[in-house]
Amino acid sequence: MAESTSKNEKKICCVCNATSDEKVILQAEEKGKEVGVCVHCLPMLIHGAH
Ligand SMILES: [Zn+2]
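Residues numbered from 1 in each chain as written. Predicted model: local features only at pLDDT ≥ 70, side-chain atom pairs only at ≥ 80, totals over all residues.

**Brief notes about the pairing of strand 1 (residues 25-30)**
Of the strand pairs in this sheet, strand 1 and strand 2 (residues 33-38) are connected by six bridges, and their pairing is antiparallel. Directly across from Glu 30, in strand 2, lies its bridge partner Lys 33. Connecting strand 1 to the antiparallel partner strand 2 that follows it, the hairpin turn spans two residues, and Lys 31 within it adopts a positive phi of roughly 55 degrees. (Pairing = 2+ DSSP bridges. Helix = DSSP H or I, 4+ residues; strand = E, 2+ residues; numbered from the N terminus.)

**Notes on the nonpolar core**
Core analysis: the largest hydrophobic core is formed by six residues, namely Cys 13, Ala 18, Ile 25, Val 37, Cys 38 and Cys 41. When near neighbours in sequence (up to four residues on either side) are disregarded, Cys 41 contacts Cys 13, Val 15 and Cys 16. (Core = buried A, V, L, I, M, F, W, Y, C linked by C-beta atoms within 7 Å. Buried ≥ 20, exposed ≤ 12 C-beta atoms within 10 Å, placed from the backbone. Contact = placed C-beta atoms within 7 Å.)

**Digging into unusual backbone geometry**
Positive phi, normally seen in glycine, also occurs at Asn 17, with a value near 65 degrees. Relative to the elements of secondary structure, Asn 17 occurs in the segment before strand 1. You can call Asn 17 exposed: it has 11 C-beta atoms within 10 Å. If you check the backbone angles, Lys 31 has positive phi at about 55 degrees while not being a glycine.

**Overview of the environment of Ala 28**
Residue position: Ala 28 is located in strand 1. Excluding residues that lie within four positions of it along the chain, Ala 28 makes contacts with Val 35, Gly 36 and Val 37.

So, in structure tokens, the structure goes:
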């Protein structure tokens, strides 16, 4: 694997897959794993709508 100089990790909402180009993506953590979630989906996660 080639070593990339810049870490180009795009933040994507784990719920609706929106990118930070479309919405504000917040960094969150789920089960020890870092995930992104947009401000639109964050309330759903807080209220646990599944
Ligand atoms: Zn979202």
